[in-house]
Amino acid sequence: MHPVIFDGHNDVLLKLYNAGRATASESFLKGREGAIDVPSAKAGGFGGGFFAIFVPSPTDLDSKFEEMTKDVYDLPLPDPIHWEDAFPVVMSQAAILFELEEQGALTICRTAAELRSCLAEGRMAAVLHIEGAEAIDPDLNTLDVLYQAGLRSIGPVWSRETIFGHGVPFRYPSTPDIGAGLKDQGLRLVKRCNELGIMIDLSHLNEAGFWDVARHSTKPLVATHSNVHEICPHARNLTDKQLAAIAESDGMVGLNFAVAFLRADGKMLSDVPLEQMIRHLDHLIEKLGEDRVGFGSDYDGAVVPELLNSCAGLPKLRAAMRQHGYDDALMTKLCHGNWLRVLEKTWGA
Ligand code: ZN
């Protein structure tokens, strides 16, 4: 039996929101076109993860992915989104997550103990995460209220400027060291998140923003869905120097399944063998140690390797990891143990 997977990032709430609230919980419970739903999770041993709330930019995703199949690309950062526009979208997607809980599809976890018991009992676990803090006001009132509602993780930016900082563009090949980092307001956000026990996600920050969080946060450094820059020199991936800082803080990285961040050529093309994912895992384990690596699939938000196009395919990945020589203890850590450890340290028990 493979250990159950707890995952650092999915965008299923955005997909359910786009399809319309009326069909959300039924399609999630009975099965839908997409990567995550209850039947696929049961089949694949997907025990849950961070459910991202994300406010989409009015750009066409297909044309963005098309551009990312070229040898070299540099997508411009989308325009900022104002609080008045972002807030209702965040409320709608949060409401969908609460409805999924009400309908018995999953449990929203606010403590590490709740997460631990969900995974042990085979109930799908959800961590309420916001990817890009456009819905947080400058006084952070919404942050406090959302925390009470269950928010336990936030990215100060997606790849788009906010009042808190500057995001990293989708650029290949490229250093992540592009542009300014956090603004003063971003430093206040970090401080309040530390006080409340909300995890700060580094994944869409550029390198300057990364070091700003590293300098100011009192908690382990975490990139929920990012890969190895040494293997795939994409602006979204982490350099060995960044990985060293994450290790030193006792944080972790979740392996992103998005093919553009896995492939050495940075292309958003899905014919990626599982060995390429294991190359990233090996490098992450080498730089971070066995206790600081997990998954952050980006399911329902990215093009992923063909074999894993739904979470029902996850046993294939775990079989490949076993075959590569990862033992039982390491498998358990990578599949969920490390996320539990880091969240316990970040949230408090
Ligand atoms: Zn993302």
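Our subject is the structure that appears above.
In what follows, the accompanying structure is described.

The rules behind the values
- Residues numbered from 1 in each chain as written.
- Predicted model: local features only at pLDDT ≥ 70, side-chain atom pairs only at ≥ 80, totals over all residues.
- Heavy atoms only, no water.
- Helix = DSSP H or I, 4+ residues; strand = E, 2+ residues; numbered from the N terminus.
- Rg over C-alpha atoms; globule rule 2.2 N^0.38 Å.
- Buried < 20%, exposed > 50% of the residue type's maximum accessible area, 1.4 Å probe, protein only.
- Contact = heavy atoms within 4.5 Å.
- Areas by Shrake-Rupley, 256 points an atom, 1.4 Å probe, with all protein chains shown as cover.
- Lys, Arg positive; Asp, Glu negative; His and termini not counted.
- Charge placed at Lys NZ, Arg CZ, Asp CG, Glu CD.
- Donors = N, O, S within 2.8 Å, 3.2 Å for Na, K, Ca; no water.
- Polar contact = N/O pair within 3.5 Å; in protein donor to acceptor, adjacent residues only side chain to side chain.
- Axes fitted to C-alpha atoms, helices over the stretch in contact; angles between N-to-C directions.
- Parallel < 35°, antiparallel > 145°, perpendicular 65-115°, else oblique.
- Left-handed = near helix turned anticlockwise from the far one by under 90°.
- Nonpolar A, V, L, I, M, F, W, Y, C, P; charged D, E, K, R; others polar.
- Core = buried A, V, L, I, M, F, W, Y, C linked by side-chain atoms within 4.5 Å.
- Phe/Tyr/Trp six-rings, centres within 6.5 Å; stacked < 30°, edge-to-face > 60°.
- Lys NZ or Arg CZ within 6 Å of the ring centre and 35° of its normal.

## Overview of the overall build of the chain
When helices and strands are counted, the chain shows 14 helices and 11 strands. The C-alpha radius of gyration computed for the chain amounts to 18 Å, which stays within 12% of the reference 20 Å derived for 349 residues, consistent with globular compactness. In terms of overall dimensions, the chain has C-alpha extents of about 50 × 45 × 40 Å along its principal axes. Taking all 349 residues of the chain together, 60% fall into the buried category. Within the chain, contacts between residues separated by at least 24 positions form 75% of all contacts whose residues are at least 6 apart in sequence. Surface summary for the chain: the accessible area is close to 13,100 Å², and the carbon and sulfur share equals 52%. Put simply, the chain has 32 plus and 48 minus side-chain charges, and the middle of one group is 4 Å from the middle of the other.

## Examining the coordination of the zinc ion
Six octahedral donors at a metal ideally form angles of 90 or 180 degrees, and four tetrahedral donors ideally form angles of 109.5 degrees. Looking at the zinc ion, one finds its protein donor set to be Glu131 (OE), His204 (NE2) and His225 (NE2), positioned 2.1 to 2.2 Å from the metal centre. Between consecutive donors of the zinc ion, the numbers of intervening residues give the motif E-x72-H-x20-H. With Glu131 in strand β5 (residues 125–131) and His204 in the loop between β8 (199–200) and α9 (207–216), this pair connects stretches of sequence that are 73 residues apart. Taking relative accessible area as the criterion, Glu131 reaches 4% and is therefore assigned buried. Given a relative accessible area of 4%, His204 falls into the buried group.

## As for the side chain of Lys267
You can see Lys267 is positioned in the loop between α11 (259–262) and α12 (274–288). Classification of Lys267 by relative accessible area gives buried; the value is 17%. Only 2.7 Å separates the side chain of Lys267 from the side chain of Asp71, close enough to count as a polar contact. Among residues more than four places away in sequence, those in contact with Lys267 are Met68, Thr69, Lys70, Asp71, Val259 and Ala260.

## Here we look at the packing of helix α7 (residues 141–149) against helix α8 (residues 184–196)
Relative to each other, α7 and α8 sit at 25°, their axes nearing to 11 Å. Classed by the angle they form, the pair α7 and α8 counts as roughly parallel. The two elements α7 and α8 meet at a crossing, and its hand is right-handed. On α8, the residues touching Leu143, Asp144 and Tyr147 of α7 are Leu189, Arg192, Cys193 and Leu196. For the contact of α7 with α8, the per-class residue count stands at 5 nonpolar, no polar and 2 charged.

## Notes on the nonpolar core
Among the nonpolar cores identified, the biggest contains 102 residues, and Phe28, Leu106, Leu143 and Phe257 are the most heavily contacted of them. With residues near it in sequence (within four places) discarded, Phe257 still touches Leu262, Met277, Phe295, Gly296, Ser297, Tyr299, Val303, Val304, Pro305, Leu308, Leu314 and Leu317. Cys118, Trp339, Leu340 and Trp347 belong to the second largest nonpolar core, which has 16 residues in total.

## Examining helix α10 (residues 240–248)
Within α10, the full set of buried residues consists of Gln242, Leu243, Ala245, Ile246 and Ala247. Asp250 occupies a position one or two residues after α10 and carries a positive phi of about 65°.

## What about unusual backbone geometry?
Trans is the prevailing form of peptide bonds, just as negative phi is the prevailing case for residues other than glycine. The amide bond that connects Tyr172 to the next residue, Pro173, takes the cis arrangement and shows omega of -15°. The residue Asp298 is not glycine, and still its phi comes out positive at about 65°. With respect to the helices and strands, the residue Asp298 is situated in the loop between β11 (293–295) and α13 (314–324). Even without a glycine there, the phi angle at Asp300 is positive, about 65°. The residue Asp300 is located in the loop between β11 and α13 in this model.

## Description of the packing of aromatic side chains
All told, the structure shown has 11 aromatic pairs when counted by the stated rule. Relative to Trp339, the ring of Phe50 has its centre 4.9 Å away and its plane inclined at 55°; by these criteria the two rings are tilted. Of this pair, Phe50 sits in strand β2 (residues 46–53) while Trp339 sits in helix α14 (residues 328–347), placing them 289 residues apart in sequence. For the pair Phe50 and Trp339, one class covers both residues: buried. Linked through ring pairs, Phe54, Trp158, Phe170 and Phe261 together constitute an aromatic cluster. Note that Lys64 overlies the ring of Phe170, its terminal NZ or CZ placed 4.0 Å from the centroid.

## Details of the environment of Ile108
On the secondary structure map, Ile108 appears in strand β4 (residues 107–108). Sequence separation between Ile108 and Ala149 is 41 residues, and the spatial gap between their C-alpha atoms is 10.0 Å. For Ile108, the residues in contact, after removing those within four places along its chain, are Leu97, Phe98, Glu101, Glu114 and Ala126.

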